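Okay, here's what each chain looks like letter by letter:
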Amino acid sequence: MVSNANKLANAFRWSGLPVIWVRQEFRPDLSDAFLEMRDNDIKIAIEGTRGAQLHADLDWNPNDVTIVKKRYSAFFKTELEDLLEELGVGELVLCGINTHACIRMAAIDAYQRDLRVVLAEECIDSYNEEHARVSLDYMNGKIAKVAAVAEVIDALRPSATVPAE
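What counts and what doesn't
- Residues numbered from 1 in each chain as written.
- Predicted model: local features only at pLDDT ≥ 70, side-chain atom pairs only at ≥ 80, totals over all residues.
- Heavy atoms only, no water.
- Pairing = 2+ DSSP bridges.
- Helix = DSSP H or I, 4+ residues; strand = E, 2+ residues; numbered from the N terminus.
- Axes fitted to C-alpha atoms, helices over the stretch in contact; angles between N-to-C directions.
- Contact = heavy atoms within 4.5 Å.
- Patch = residues over 30% accessible without salt bridge, like charges linked within 9 Å, V, L, I, M, F, W, Y side chains within 5 Å.
- Areas by Shrake-Rupley, 256 points an atom, 1.4 Å probe, with all protein chains shown as cover.
- Salt bridge = Lys/Arg side-chain N within 4 Å of Asp/Glu carboxyl O.
- Lys, Arg positive; Asp, Glu negative; His and termini not counted.
- Charge placed at Lys NZ, Arg CZ, Asp CG, Glu CD.
- Parallel < 35°, antiparallel > 145°, perpendicular 65-115°, else oblique.
- Left-handed = near helix turned anticlockwise from the far one by under 90°.

Caption draft 1: Structural context of the sheet that holds strand E4 (residues 116-125). An order of E3-E4-E5 is seen for the 3 strands of this open sheet, with the pairing classed as parallel. The sheet is open, and its two edges are formed by strand E3 (91-97) and strand E5 (145-147), each paired on a single side. For this sheet, the mean inter-axis angle between neighbouring strands, taken without regard to orientation, is 35°. Examined bridge by bridge, E3 and E4 share 6 bridges and lie parallel to one another. Opposite leucine 92, over in E4, you have valine 117 as the bridge partner. On top of the sheet, helix H1 (residues 2-14) reaches E3 and E4; it is set at about 140° to E4, its chief contact.

Printed below as a string of structure tokens:
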């Protein structure tokens, strides 16, 4: 997943397109966490810990934008919608986990904002295979298109060759 996400990030940069990273982070007292976390004292992705950082092997670049989210969707109470509008983005390629939660919610929220959504097949995953399959079946062809990383890269600049890395 990580190496494929890096391929996409590099291809987007090479094509002059924005790369936006989204990570989750909560206060140690969970006052900004969602109900299940507060109700069950689940302390994951706590600010200042490794769990709240992007995966160390992701090819983050200082020119990329990083957004911190507090819920499943990257749109919920973040600056993402305004940023995409400012950049003139009409289509998103989503990568990440979990397909049945964060990816599905972000895809639905993007679709509700009239954005076209592509799910990079080798860049999404879930700990729950059944929920992921049901979510992909629901989204594919309706609110999103599932596409292979190579297909996404080929579509970036049909007349140009993107370096393979």
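Structure shown, so let's carry the discussion forward.
Caption draft 2: Structural context of a negative patch on the surface. Together, Glu79, Asp82, Glu85 and Glu86 make up a negatively charged patch on the protein surface. Note that glutamate 86 resides in helix H3 (residues 80-87).

Caption draft 3: Summary view of the packing of helix H4 (residues 99-112) against helix H5 (residues 129-139). Taken N-terminus to C-terminus, the directions of H4 and H5 make an angle of 20°; their axes are 9 Å apart at the nearest point. By the angle class used here, H4 and H5 are roughly parallel. Relative to H5, H4 is oriented so that their crossing is left-handed. Here Thr99, His100, Arg104, Ala107 and Ile108 of H4 lie close against H5, whose contacting residues are His131, Ala132, Ser135, Leu136, Tyr138 and Met139.

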